[in-house]
Amino acid sequence: MKETSKRQMEFEALRGLSIILLLSLHSEIYDPIVFGETLKHIGFFVASFLLGSFFFLAGYFTEASLRKPGQTFFAFAWSKFVRIYPPYWLALLLFVFYIGVSLKRTDMAVYAMNLQAVFSPVFVKQVLTLWYISMLVVFYAIFGGMMFVFRTSASLTVASIAVYAAGYAANRAWGLFDPRFFQYYFIFLVGVFLCRFDKAREKFFDLNPFVKILAAVVSIFPLQWILNNSKTDGAFYLLAVDFFILAWILCALTLFRTRIGDWHIWLWLSTASYFTYLIHRPLWHLIDSILGLEPGMGTVYVHLTAGAVLALLLGYLLQRGYDRLLALLGLK
């Protein structure tokens, strides 16, 4: 991996934190049995923040990538394809032929193309974990295309709203698009604009820390009220969850602009994040088989400790190896 500039270290740290939170979430440590009825929604809050962070970072680095001199849409699309699809296909095979996820032929074709975010859950079966990769690909296609066609920020904003409205209409009429598409769509766009407007980004970072902490704390309450009343749809829900995600991202990035963000562990975790995301469930399945683990708190602790460490180590080694392979083949 190339040397990361100090200006971007907070973003790498945010990705590193997010992969740790993802492993803790998938270990099921946030089960209400552990945290009690009062904090029964803590897993939802953790998931919203970490996934929102991933999509925000994808938007941010999409803008950074497209800023490069001479960048073309084909070069952008090809770079995303070679980095995302081969590792994803490997993970898909592990999920189907090792873990035992059953997919019909039509479902398998949709998953092979990474388009399940468009067709699930109405037309194809949902598969845990892999949905995120598909959503990421859909966002890259939508926003990458729009950013090449609409050069000004105003036109990009209008086009983004129009596409969002069209997607919502398609969802209501035919059931297209995973509902999470609408939850994370504008989070990706905010990442684009935060990278694009340097002065605005610095003004956000320069806000009084008390204001940012207060916003993060306040953002919890409307979302908690919605979850308590089981109204996880509609405009109010989307506004509440996006406000929560952005408020906590701002707090995290502010924290990582201190010396904490300079810790080398964050860059290591960031490097490991993609392959760790893809292979941790198959790896945990192997650990469970070897140790004869059954669902329960003992398994949760194994996944959260040794399982998480092994997933991160393997993810890092696979990513470094894959980067070297791409360089050897002249694809990087």
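The shown structure was predicted, so the numbers you read here are calculated from the model rather than taken from an experiment.

**Topic: the nonpolar core**
If you look at the biggest cluster of nonpolar residues, it comprises 103 residues, and the most contacted ones within it are F56, L130, Y132, F139 and F181. When residues of this core are assigned to their parent elements, the largest contribution, 15 residues, is made by helix α7 (residues 130-149). When residues no more than four places from it in sequence are discounted, the contact partners of F181 are M135, V138, F139 and I142.

**Here's the deal with the packing of helix α9 (residues 180-196) against helix α12 (residues 234-256)**
Interhelical geometry of α9 versus α12 gives an angle of 40° and a closest axis separation of 9 Å. Classified by the angle between their axes, α9 and α12 sit oblique to one another. The two elements α9 and α12 cross, and the hand of that crossing is right-handed. Here F182, Q183, Y184, F186, I187 and V190 of α9 lie close against α12, whose contacting residues are Y237, L238, V241, D242, I245 and L246. Class assignment of the residues belonging to the contact of α9 with α12 gives a composition of 10 nonpolar, one polar and one charged.

**Quick notes on the side chain of D323**
Tracing the backbone shows D323 in helix α14 (residues 297-328). Every residue in contact with D323, bar those within four places of it in the chain, is listed here: R83 and K332.

**Overview of the pattern of salt bridges**
This structure, assessed with the given rule, holds nine salt bridges. A salt bridge links R201 to D198; the shortest N-O distance between them is 3.0 Å. One end of the pair, R201, and the other, D198, are both in helix α10 (residues 198-206), three residues apart, so they sit about a helical turn from each other. For R201, a relative accessible area of 3% corresponds to the buried category. Put simply, E63, R67, R196, D198 and R201 are held in one network by salt bridges that share partners.

**So, the packing of aromatic side chains**
Think of a pair of aromatic rings as described by two things: how far the centres are apart, and how the planes are tilted against each other in angle. Counted under the stated rule, the structure contains 45 aromatic pairs. With 5.5 Å between their ring centres and 90° between their planes, F73 and F148 make a pair best called edge-to-face. Placement of F73 in helix α4 (residues 73-99) and of F148 in helix α7 is noted, with a sequence separation of 75 residues between them. The partly exposed category is assigned to F73, whose relative accessible area is 38%. The exposure class assigned to F148 is buried, which follows from its relative accessible area of 16%.

**Points about the side chain of S65**
Within the secondary structure, S65 sits in helix α3 (residues 42-66). The class for S65 is buried, based on a relative accessible area of 11%.

**Remarks on the environment of G315**
Within the secondary structure, G315 sits in helix α14. The exposure class of G315 is buried, given its relative accessible area of 0%. For G315, the contacting residues outside a window of four places in its chain are A272, F275, T276 and I279.

**Looking at a nonpolar patch on the surface**
A contiguous nonpolar surface patch, about 620 Å² in accessible area, is contributed by I33, V34, F35, L39, M297, Y301 and L304. Where the nonpolar patch is concerned, the elements lending two or more residues are α2 (32-35) and α14.

**Some points on the environment of Y98**
Residue position: Y98 is located in helix α4. Taking the C-alpha atoms as reference points, Y98 and V82, 16 residues apart in sequence, are found 24 Å from one another. Once residues within four sequence positions are removed from consideration, Y98 is found in contact with L93, P282, H285, L286 and S289.

Rules of the game
Residues numbered from 1 in each chain as written. Predicted model: local features only at pLDDT ≥ 70, side-chain atom pairs only at ≥ 80, totals over all residues. Heavy atoms only, no water. Core = buried A, V, L, I, M, F, W, Y, C linked by side-chain atoms within 4.5 Å. Buried < 20%, exposed > 50% of the residue type's maximum accessible area, 1.4 Å probe, protein only. Helix = DSSP H or I, 4+ residues; strand = E, 2+ residues; numbered from the N terminus. Contact = heavy atoms within 4.5 Å. Axes fitted to C-alpha atoms, helices over the stretch in contact; angles between N-to-C directions. Parallel < 35°, antiparallel > 145°, perpendicular 65-115°, else oblique. Left-handed = near helix turned anticlockwise from the far one by under 90°. Nonpolar A, V, L, I, M, F, W, Y, C, P; charged D, E, K, R; others polar. Salt bridge = Lys/Arg side-chain N within 4 Å of Asp/Glu carboxyl O. Phe/Tyr/Trp six-rings, centres within 6.5 Å; stacked < 30°, edge-to-face > 60°. Patch = residues over 30% accessible without salt bridge, like charges linked within 9 Å, V, L, I, M, F, W, Y side chains within 5 Å. Areas by Shrake-Rupley, 256 points an atom, 1.4 Å probe, with all protein chains shown as cover.

Taken by themselves, the reported measurements are silent on function.
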